[in-house]
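Each chain, letter by letter, is given below.
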Amino acid sequence: MIKIYVPRDSSAKAVGADEVAKAIAVEAVTQNISIQIIRNSSRGMAWLETFVEVETSKGRVGYGPIEAGDVKRLFAAKFYEGGKHQLAHGLVDELPYLKNQERLTFARAGITDPVSLGDYISHGGFEGLKKALVMTGAAIVAEVTESGLRGRGGAAFPTGIKWKTVHDTKADQKYVCCNADEGDSGTFADRMVMEGDPFMLIEGMTIAGLASGATKGFIYIRSEYPDAIATMKEAIGIATAEKWLGNNIQSTDHSFTLEVRRGAGAYICGEETAMLESLEGKRGMVRAKPPIPALVGLFGEPTIINNVLSFAAVPFILAKGSTAYKNYGMGRSRGTLPFQLAGNIKQGGLVEKAFGITLRTLINDFGGGTFTGRKLRAVQVGGPLGSYLPESQLDLPMDYETFAANAAMVGHGGLVVFDDSVDMAAQARFAMEFCAIESCGKCTPCRIGSTRGAETIDKIVAGIDRDANLILLEDLCQTMTDGSLCAMGGLTPMPVMSAVKHFPEDFDKPARLQAAE
Amino acid sequence: MAKKTTLIDLQFGKSDPATPICAKHDNKPDALLEILHDVQHELGHVPETSLPAIAHALNLSRAEVYGVATFYHDFHLKPTGKHHLKLCSAEACQSMGGRDLVAAVEKFLNVKMGQTTSDGLITLEATYCLGLCASAPSMMFDNKPMARVNADTVKSIVEGLRA
Ligand SMILES: Cc1cc2nc3c(=O)[nH]c(=O)nc-3n(C[C@H](O)[C@H](O)[C@H](O)COP(=O)(O)O)c2cc1C
Ligand code: SF4
Ligand code: FES
């Protein structure tokens, strides 16, 4: 039987993958061709979605972007035999976009059926957990520490050290919480893990449980991700039925259970202590630290909190060894990061590469430049709290320390590209507006300062006391940086001041108009 | 914790539709967000009249439940439109004409973000990133994520609903 793959990732479904799958099924019946449709995960080449693949004797052949209306023509071209067609891309494994990546975490992306446990296991799944099941907690912690893995949620804190704290703390009940709030604009790697390889996240979290002695885990998923929520729940059900979760995992005396919790549209609940409050059923108010969650976390108990990608990196580290992971990267940024190319870009999607790759390589070589074909003007790296970088900074290597030294941050690895039609004053204003909308309200500089910031930018743009207001804006940003409890208020000045610094002309428009008169 | 029957029980007792939803979640206070989601799913919004019933079931104060219901952008305490259209208003979508899309949809539906059309058909809202940033601009119609959308996508959906 001919195997045809149609992704079930929401980036494919959002552009009609379900309709494509249905049209293929209908046409196959009409033409009396025996096929099997597999709903695989996405390769992460968003511009080619819906990306349909066909298994041939030489390997899988890809077609995209396919819409339901293209299906009859695909059949006419005998795509089910790998036939030629103007949307054909040849052998998928040979595509430079994929071939030039270093996919450790996303090794199965596009290859497997996300909720097939058989697929997962036959593609290396649970190898890490099998090892961990016969290791001591301390040995697991040591392996993760040795790998150099740092938190992928933004703050880049060494994962092994966090795990060690929880391991070393005595308590009757400890918890493992996965931060799947992925609120940053321009990021979707967490979503792709949950929709595309949910058992990998389950495996990583279970290993964290074994390492720390925690027997219960929660995955806090934002409500904007209905598909991720459904897929994770389904996978947890399957893993539990097959004894990869629950009591006596694979007949050992280890136990670990997992529960999915939905967020409710609050960006601040991505901040780890606000997430804990939310998991406890409360308002998402940021807690003061110390105590750190590793000591006093969920329900007051020691808790490991990690981002989806941090947990997802762990099965590889356990299966292949810390050295295999550590060998990728530069400086103190070890391993790979799944970068997300987003916004105004021709070939947007997921590019997993070792740290050290430059923005230019990512945007030009992988991304193919802007979508509109216009000149690139700015790139926002690291989400809504990240800096706007000008073209002249595209040669910065992606490395936590290099970015920090340049008043920018790698964050969760999202890159949002803007062409030259962007108004950077509007982007700066939006950063302030967003902070005002999403502030938890605990600190005055964040809650009130953000509203004042937006008003001040309005005055600057309107040409009212521009110089004085620019100084005021800078002052205000300094107050927010110094007087905020968390990075929401503390880092909003990054996009704002980077826009002012690198694109001053956008804050100077009325004056230029006057000069022209 | 054991509970005494109080005047409050007599006031709304088991008749409030939120009460069985709380029971489904074992009346656990940490499940409050899940409960509010389920109530909203069933009733279209979270009626203020249900808040005391939820508070009672979870052994929380009314103020606590009200505080949570009003903190999160997802929950509506007042009835909304029959359908929900959420336009992504975050940066990646802005870079692909998201602002113009918002303006065009507002004009077409004759409402501003946060408002419901006069026929009660659609509530238009902003959302901040749907994780479809490589296929921008994007939106969510009811619970369905949609990407590479434009004003015509919205028009044809709405015309379909009104036909
Ligand atoms: C405003 C704000 C939003 C955040 N959003 C997220 C998020 O969506 N996902 C995430 O993993 N971390 C987020 N973080 C970082 C978390 O607080 C925390 O550092 C992280 O979850 C720890 O996991 P890691 O060590 O694996 O990165 C956010 C932080 C702040 C201040
Ligand atoms: S900085 Fe803002 S979001 Fe963070 S704790 Fe303070 S008020 Fe809350
Ligand atoms: S910014 Fe719109 S989907 Fe991410």
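Coordinates for the structure precede this section.
Criteria and thresholds
Residues numbered from 1 in each chain as written. Chains lettered and ligands numbered in written order. Predicted model: local features only at pLDDT ≥ 70, side-chain atom pairs only at ≥ 80, totals over all residues. Heavy atoms only, no water. Near = heavy atom within 4 Å. Polar contact = N/O pair within 3.5 Å; in protein donor to acceptor, adjacent residues only side chain to side chain. Areas by Shrake-Rupley, 256 points an atom, 1.4 Å probe, with all protein chains shown as cover. Helix = DSSP H or I, 4+ residues; strand = E, 2+ residues; numbered from the N terminus. Contact = heavy atoms within 4.5 Å. Buried area = accessible area lost by both parts, 1.4 Å probe. Salt bridge = Lys/Arg side-chain N within 4 Å of Asp/Glu carboxyl O. Nonpolar A, V, L, I, M, F, W, Y, C, P; charged D, E, K, R; others polar. Pairing = 2+ DSSP bridges. Axes fitted to C-alpha atoms, helices over the stretch in contact; angles between N-to-C directions. Buried < 20%, exposed > 50% of the residue type's maximum accessible area, 1.4 Å probe, protein only. Core = buried A, V, L, I, M, F, W, Y, C linked by side-chain atoms within 4.5 Å. Phe/Tyr/Trp six-rings, centres within 6.5 Å; stacked < 30°, edge-to-face > 60°.

Novice: Got a minute to help me understand the site of ligand 1 in this structure?
Specialist: All names here are of chain A. Residues in close proximity to ligand 1 total 19 residues, the closest being Gly 153, Asn 179, Asn 306, Asn 307 and Ser 310. Contact between ligand 1 and Arg 152: an oxygen atom at 3.3 Å from a main-chain N or O atom of the residue. Between Asn 307 and ligand 1, the recorded distance is 2.8 Å, taken from a side-chain N or O atom to an oxygen atom. Relative to its unbound accessible area of 610 Å², ligand 1 is 91% covered by the protein chains. Contributions of two or more residues to the shell around ligand 1 are made by strand 9 (303–307) and helix 20 (487–491).

Novice: What should I look at first to understand the interface of chain A and chain B in this one?
Specialist: In many analyses, interface size is given as the accessible surface area lost on bringing the parts together. Of the residues lining the interface, 61 residues belong to chain A; the matching set on chain B comes to 41 residues. Taken together, the two surfaces of chain A and chain B that pack against each other cover about 3800 Å², and 53% of this comes from carbon and sulfur. Where chain A touches chain B, the interface holds 3 salt bridges. We note a salt bridge from A:Arg262 to B:Glu34, for which the minimum N-O separation is 3.0 Å. Applying the counting criterion to the chain A and chain B interface returns 25 residue pairs in polar contact (both at pLDDT 80 or more).

Novice: Looking at this structure, how should I read the site of ligand 2?
Specialist: Looking at ligand 2, there are 13 residues lining it, with A:Cys440, A:Lys442, A:Cys443, A:Cys446 and A:Cys486 nearest. Across the shell around ligand 2, the residue classes tally to 8 nonpolar, 4 polar and 1 charged.

Novice: Explain the sheet that holds strand 12 (residues 336–343) of chain A to me, please; I cannot follow it from the model alone.
Specialist: Hydrogen bonds along the backbone pair up the strands of a sheet, which may run parallel or antiparallel. Residues and elements named next belong to chain A. Spatially, 5 strands are ordered 13-12-16-14-15 in an open sheet, and the strand pairing comes out mixed. Two strands bound the open sheet, and with one partner strand each, they are strand 13 (349–354) and strand 15 (388–390). Neighbour-to-neighbour, the strand axes of this sheet turn through a mean angle of 30 degrees, independent of strand direction. One ladder, built from 3 bridges, connects strand 14 (residues 376–381) with strand 15; its direction is antiparallel. Considered in strand 15, the bridge of Ala 378 is made with Pro 390.

Novice: Sorry if this is basic, but what is going on with the pattern of salt bridges here?
Specialist: It is possible for side chains bearing opposite charge to pair when their charged atoms get close. All names here are of chain A. Applying the stated criterion across every chain, the model contains 41 salt bridges over all chains. Put simply, Arg 108 and Asp 197 hold a salt bridge, and the shortest N to O gap is 2.8 Å. In this pair, Arg 108 is assigned in the loop between helix 4 (96–99) and helix 5 (117–122) and Asp 197 in the loop between helix 9 (189–196) and helix 10 (198–212), connecting sequence segments 89 residues apart. Both residues of the pair, Arg 108 and Asp 197, belong to the buried class.

Novice: Looking at this structure, I do not really get the nonpolar core. What am I missing?
Specialist: One broad rule of soluble globular proteins: the nonpolar side chains tend to lie buried together. Residues A:Trp163, A:Leu201, A:Ile219, A:Ile221, B:Ile54 and B:Tyr72 are the most contacted members of the largest nonpolar core, which totals 141 residues. Apart from the residues lying within four places of it in its own chain, the contact partners of B:Tyr72 are A:Tyr220, A:Ala264, A:Ala266, A:Cys269, A:Ser278, A:Lys282, A:Arg283, A:Gly284 and B:Leu33. If you look at the next biggest cluster of nonpolar residues, it comprises 32 residues, including A:Phe51, A:Leu95, A:Val351 and A:Leu362.

Novice: How should the pairing of strand 4 (residues 59–63) of chain A be read in this particular structure?
Specialist: Residue and element names in this part refer to chain A. Across the 5 residues of strand 4, 4 count as buried, placing the element largely inside the fold. In terms of strand pairing, strand 3 (residues 52–56) meets strand 4 through 5 bridges, oriented antiparallel. When the sheet's bridge partners are listed, Val 52 is paired in strand 4 with Tyr 63. The turn linking strand 3 back onto strand 4 is made up of 2 residues. With 3 bridges joining them, strand 4 and strand 5 (residues 88–91) adopt antiparallel strand pairing. When the sheet's bridge partners are listed, Val 61 is paired in strand 5 with Leu 91.

Novice: I tried to follow the packing of aromatic side chains on my own but got confused; where do I start?
Specialist: The geometry of an aromatic ring pair is captured by the separation of the ring centres together with the interplanar angle, meaning the angle of the planes. Residue and element names in this part refer to chain A. Scanning all chains against the criterion turns up 21 aromatic pairs over all chains. Aromatic side chains Trp 47 and Tyr 97 sit 4.6 Å apart centroid to centroid with 65 degrees between the ring planes, which places their arrangement in the edge-to-face category. Of this pair, Trp 47 sits in the loop between strand 2 (35–38) and strand 3 while Tyr 97 sits in helix 4; the two residues are 50 residues apart in sequence, bridging distant segments of the chain. Of the residues examined, Tyr 97 reaches a relative accessible area of 6% and is grouped as buried.

Novice: Could you clarify how one ought to interpret the pairing of strand 12 of chain A in this entry?
Specialist: Side-chain direction in a regular strand flips from residue to residue, so the side chains alternate between the two faces of the sheet. Residue and element names in this part refer to chain A. The buried fraction of strand 12 is high, at 8 of 8 residues. Direction of pairing for strand 12 relative to strand 13: antiparallel, over a ladder of 6 bridges. Residue Phe 339 lies in a different strand from strand 13, and its bridge partner there is Val 351. Following strand 12, the chain reverses through 5 residues before pairing antiparallel with strand 13. Sheet analysis places strand 12 next to strand 16 (residues 414–419), joined by 4 bridges and oriented parallel. When the bridges of strand 16 are listed, Gln 340 appears paired with Gly 414.

Novice: What is the right way to look at the sheet that holds strand 1 (residues 2–5) of chain A in this model?
Specialist: Residues and elements named next belong to chain A. Ordered by their spatial adjacency, 5 strands build an open sheet running 2-1-3-4-5, and the pairing between neighbours is mixed. With partners counted over all chains shown, the strands left at the sheet margins are strand 2 and strand 5, one partner each. Geometrically, the sheet is characterised by an average inter-axis angle of 25 degrees between neighbouring strands, direction not taken into account. Pairing geometry for strand 1 and strand 3, over 2 bridges, is antiparallel. Within strand 3, the residue paired with Tyr 5 across the bridge is Glu 53. Helix 2 (residues 17–30) contacts strand 1, strand 2 and strand 3 of the sheet and is inclined by roughly 170 degrees relative to strand 2.

No statement about biological role is implied by the geometric values presented.
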